[in-house]
Amino acid sequence: MDNKVAIVGFNMASALDLETTRERLSFDLTRGLFDDLGIERDDVGTFIICTNDFLDGRTISNVFLDPSVGAYMKDESKVEMDGLNALTYACMRILSGQYETALVATLALTGTQVSPYLHIGYTLDASYDRPIKLLNELSAAALEARSYLAKYGYSEELLDDIALQDLANAARNPNQARRLEGVSKDQIAGSAYLYEPLRELHCYPATDGGCMMLLASEKRAKELCDKPVWIKGIGRSTDNYYLGDRDLSGSISASQAAERAMGMAGIKDPRKELDFAEISSLFAHQEPLLAEAMGLLEPGKAAEAYKSGDTAIDGKLPINPSGGPLGGHPICSSGLMRAAEAVLQLRGEAGKNQVEKADVALAHGQDGVCAQQSVVVVLGT
Amino acid sequence: MEETKIVNGAWELSTFHFPIEGRGLKTMLKNMKDKKLVGFKCPQCGMVYMPGPFYCRKCFIRIDDEAEVSDHGEIMTFTIGYADVRGNPLDEPRIAPVVKLDGCDSWIMGVLEGVKPEDVHVGMRVKVKWAEERTGSLQDMQYFLPE
Amino acid sequence: MEDIKETFYHTVAPLDFGYNYRVGTYLQRYIDALKDKKILGAKCPQCGKVVVPPRKYCGACNKVREEYVELSQEGTLENYTVGHITLEKGQVNQAESPYIVGMIKLGGADNLLVGKVAGVSPQEVKTGMRLKAVWKDQTEGEYSDLDHFEPV
């Protein structure tokens with residue numbers, strides 16, 4: 001996909017408690033983005049709102065959020081699930097030729113107003129999986145973790161190494177919610193077990209957050225900003241729901257989504273051609289699991305890769321230089337935030353988290369139990 | 001089709017708490033004690049909303065300029081209810097008008113008393129009947145009466 | 001500048017939805033078999049794979065599974081996790097004592113069944129162990145008739 005649609009700007013906020021309401025958060029972020037870009041709401045062609053009705057506590061939640069994202073009396077549509085799905089939809093609208101600009105608006109107040117675990121909890125099949133009372137987001141993730149660790153004989157220590165890298169990166173990143181200054185491996189290994197092998201610091205924190213992003217067509221992008229970041233490829237895939245039918249040590253959805261996105265972007269050797277990746281790994285083990293599935297890490301070599309710093313900010317293929325979702329995970333915004341962090345990198349504006357060479361990147365988002373659905377976006381300058 | 005076992009898949013969400021913007025509502029309630037109705041006005045387009053939101057949705061800017069609104073207005077639309085929300089018949093028909101108070105651009109819902117259902121019409125002038133004892137709550141505006 | 005939080009109203013929204021689901025023909029057969037202390041799976045006519053609990057559609061082949069298959073009471077523990085917390089209605093609480101959630105490959109099935117594993121300590125449980133189903137004495141035609149799995 002040639003340079004047809006670009007990301008021209010974004011505004012995001014993420015904290016364990018943002019002390020705000022849905023209306024105020026969406027207004028503040030959108031108003032801030034418009035001010036940065038020097039535009040008004042009339043300059044935006046279409047709006048895609050991506051929040052989860054269930055987590056917002058009301059159905060058709062987008063009609064309440066329309067005015068506060070500037071969509072009053074404007075063309076607006078809605079996508080639930082991960083924010084990268086909304087980015088996909090906005091991109092498609094621009095490619096149709098009907099719109100020059102699209103605002104993607106995502107948010108969730110899952111840090112303070114509703115428990116994020118309810119999202120997966122009530123995804124579970126009510127006729128069997130819920131009544132047996134054994135499955136929930138954390139136990140499913142733990143089963144996935146053990147399956148992955150057992151596949152190559154990795155030890156639980158790998159989880160500590162991964163979490164340490166992510167949490168240390170997050171501590172450096174002012175955009176993150178959970179910033180543990182001076183976090184140590186002992187602190188992580190000493191945090192309480194939730195479902196073995198996952199400990200508290202291997203898992204994402206309940207977070208309030210939102211991310212608004214403006215996409216523009218080729219013509220408008222060059223007018224709106226100096227450094228547009230082009231969407232080179234998008235891919236999506238959804239796996240089987242039933243946990244017992246899936247091979248939890250890998251991710252078919254991430255593999256296929258990445259293949260499709262990279263195919264569209266013309267990338268044949270991800271490890272050589274990508275400069276870094278921002279992955280929605282909600283639990284420590286998901287980072288190498290998804291990275292391996294997408295062809296970013298050699299299968300079976302994750303433990304070595306983390307020990308030798310291949311995935312660190314100054315490594316061969318940095319993964320989650322922003323810290324990833326272990327630093328903050330507002331449910332619908334998460335994937336879009338990965339894209340936003342990638343945009344910062346590609347513009348050379350990532351401060352202490354900046355990777356040296358940043359021209360082509362991959363951003364990944366997920367939804368469903370154990371990344372049942374994956375969305376992958378390839379971005380480039 | 002055979003009948004199979006039924007399981008409960010209820011979503012038990014009673015742990016849901018919702019902060020909502022209150023400044024406009026609190027301003028309105030505070031003034032109702034003094035039989036005044038106060039909304040917010042957008043300095044750019046001049047729209048007056050009550051209760052006042054913290055931003056103007058047309059201009060997309062923050063607003064908090066207070067503007068007083070009359071307690072007299074006109075009926076824009078109405079409906080007459082003969083049953084309550086559960087379908088139980090009411091003793092008296094309940095007239096629910098939507099009123100545009102003079103000076104205000106947003107419309108307010110209420111209950112209309114003192115007039116027979118067949119005499120209500122769109123465009124009819126009404127006024128607020130204030131409660132004798134006002135405490136700064138929505139009940140201070142008891143109902144509407146014909147002007 | 002006033003404290004923003006002072007302007008917020010906090011409402012507690014009592015949102016309890018009562019959804020009731022019919023379990024459907026296939027799960028009903030499974031539950032009926034549990035009453036007789038039997039475990040049933042269903043087989044796809046095209047790929048031949050057997051799933052437990054039985055389900056009507058084979059997604060991969062887009063076919064209806066017509067055949068029910070009685071599965072062995074024994075199987076291998078392919079995956080497990082030890083729970084130290086409980087997660088109910090989105091709230092995390094300490095569990096009274098650690099418990100084991102397992103994924104078991106029963107003889108005759110092609111997928112894994114999620115079940116509780118007991119009769120072995122969390123320190124000693126390992127993948128590859130042979131387990132057998134343990135039933136309630138008085139079965140009632142409920143999912144709980146199949147109480148747990150324990151080492152053979």
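Above this text is the structure in question.
Here is a short report on the structure shown in this document.

The rules we used
Residues numbered from 1 in each chain as written. Chains lettered and ligands numbered in written order. Predicted model: local features only at pLDDT ≥ 70, side-chain atom pairs only at ≥ 80, totals over all residues. Heavy atoms only, no water. Helix = DSSP H or I, 4+ residues; strand = E, 2+ residues; numbered from the N terminus. Rg over C-alpha atoms; globule rule 2.2 N^0.38 Å. Buried < 20%, exposed > 50% of the residue type's maximum accessible area, 1.4 Å probe, protein only. Contact = heavy atoms within 4.5 Å. Areas by Shrake-Rupley, 256 points an atom, 1.4 Å probe, with all protein chains shown as cover. Buried area = accessible area lost by both parts, 1.4 Å probe. Salt bridge = Lys/Arg side-chain N within 4 Å of Asp/Glu carboxyl O. 1 Å grid on protein atoms, 1.4 Å probe; cavity = no way out; pocket = protein on both sides within 12 Å on 5 of 7 lines; lining within 4 Å. Points joined across faces, edges and corners; volume = space filled by probe spheres on them. Nonpolar A, V, L, I, M, F, W, Y, C, P; charged D, E, K, R; others polar. Core = buried A, V, L, I, M, F, W, Y, C linked by side-chain atoms within 4.5 Å. Axes fitted to C-alpha atoms, helices over the stretch in contact; angles between N-to-C directions. Parallel < 35°, antiparallel > 145°, perpendicular 65-115°, else oblique. Expected span 1.5 Å × (residues − 1). Pairing = 2+ DSSP bridges.

What follows is about the overall build of chain B. When helices and strands are counted, chain B shows one helix and 13 strands. A compact globule built from 147 residues should have a C-alpha radius of gyration of about 15 Å, whereas chain B, at 20 Å, is more than 25% larger. Its C-alpha atoms give chain B principal-axis dimensions of roughly 65 × 40 × 30 Å. Counting the 147 residues in chain B, one finds 39% classified as buried. Once local pairs closer than 6 in sequence are excluded, the contacts in chain B between residues at least 24 apart make up 50%. Element-wise, carbon and sulfur atoms account for 50% of the exposed surface of chain B, whose accessible area totals about 8,200 Å².

Okay, the environment of B:L112 next. Residues and elements named next belong to chain B. In this structure, L112 sits in the loop between β11 (108–109) and β12 (125–130). Put simply, L112 and H72 are 40 residues apart on the chain and 13 Å apart in space, counted from C-alpha to C-alpha. L112 has contacts with I75, I95, P97, V120, M124, V126, F144, L145 and P146, leaving out every residue within four places of it along the chain.

Before going further, it helps to examine the interface of chain A and chain C. Taken residue by residue, the interface counts 34 residues in chain A and 35 residues in chain C. Taken together, the two surfaces of chain A and chain C that pack against each other cover about 3,000 Å², and 66% of this comes from carbon and sulfur. When residues of chain A are sorted by the area they lose upon contact with chain C, A:Y128, A:L134 and A:L143 head the list and together hold 20% of the total. In this assembly, chain A and chain C are joined by one salt bridge. C:R55 is the partner of A:D245 in a salt bridge, and the nearest nitrogen-oxygen pair spans 2.7 Å. Elements with a contribution of two residues or more to the side of chain A that touches chain C: α5 (117–121), α6 (137–152) and β5 (193–195) of chain A. With seven residues, the single largest contributor to the side of chain A that touches chain C is α6(A).

Residues and elements named next belong to chain A. Enumeration according to the criterion identifies one cavity of 30 Å³ or more in this entry. There is about 180 Å³ of room inside the largest cavity. Along its surface, the largest cavity is lined by 20 residues, and I120, E137, L282, Q366 and G368 are the ones closest to its centre. Only α5, α6 and β10 (360–367) provide two or more residues apiece to the lining of the largest cavity. Per-element tally for the lining of the largest cavity: the top contributor is α6, with three residues. Taken together, the residues that form the lining of the largest cavity break down as twelve nonpolar, five polar and three charged.

So, about the pattern of salt bridges. Oppositely charged side chains can form a pair if their charged atoms are brought close together. All names here are of chain A. With the rule as written, the count across this model stands at 30 salt bridges over all chains. The residue E40 makes a salt bridge to R31 at a minimum N-O spacing of 3.0 Å. With relative accessibility at 36%, the residue E40 sits in the partly exposed group. Using a relative accessible area of 6% as the deciding quantity, one classes R31 as buried. Between K222 and E218 there is a salt bridge, with the nearest N and O atoms lying 3.7 Å from each other.

Attention now goes to the nonpolar core. With 52 residues, the main nonpolar core has A:L138, A:L198, A:I279, A:F283, A:M294, A:L296 and A:L362 as its most contacted residues. Elements with a contribution of two residues or more to this core: α6, α7 (157–172), β5, α10 (252–265), α12 (286–293), α13 (302–307) and β11 (373–380) of chain A together with β9 (74–88) of chain C. For this core, the element with the most residues is α6(A), which contributes six residues. Beyond its immediate stretch of four places on either side in the chain, A:L198 contacts A:L138, A:A141, A:A142, A:A145, A:L159, A:Y193, A:C203, A:F283 and A:H285. The next biggest cluster of nonpolar side chains, apart from the first, holds 48 residues, and it includes A:L55, A:Y122, A:M337 and A:V355.

What follows concerns the packing of helix α4 (residues 83–95) of chain A against helix α14 (residues 334–346) of chain A. All names here are of chain A. Here α4 crosses α14 at 70°, and the two axes come no closer than 5 Å. Taken together, the axes of α4 and α14 lie roughly perpendicular to each other. Where α4 approaches α14, its residues G83, L84 and L87 are matched on the opposing element by G335, L336 and A339.

Our focus in this paragraph is helix α1 (residues 22–37) of chain A. Residues and elements named next belong to chain A. Counted at 1.5 Å a residue, the expected span for α1 with its 16 residues is 22 Å, and the 23 Å between its end C-alpha atoms agrees. Of all 16 residues in α1, 13 are buried, a share of seventy percent or more. In the segment just after α1, G38 is the residue with positive phi, at about 70°.

The next point concerns the sheet that holds β11(B). One open sheet accounts for five strands, arranged β11-β10-β9-β12-β13 (chain B); its pairing is antiparallel. Looking along the sheet, the strands with just one partner apiece sit at the ends: β11 and β13 (141–146) of chain B.

Put simply, A:E196 and A:P197 share a cis peptide bond, and its omega is 5°. With respect to the helices and strands, the residue A:P197 is situated in the loop between β5 and β6 (198–199). With an omega of -5°, the peptide bond between C:V52 and C:P53 qualifies as cis. You can see C:P53 is positioned in the loop between β5 (50–51) and β6 (57–58). A positive phi is found at A:M81, a non-glycine position, where the angle reads about 75°. Taking the relative accessible area as the measure of exposure, A:M81 reaches 34% and is therefore partly exposed. One non-glycine residue with positive phi stands out, namely C:N62, at about 55°.

The values are spatial; any link to function lies outside them.
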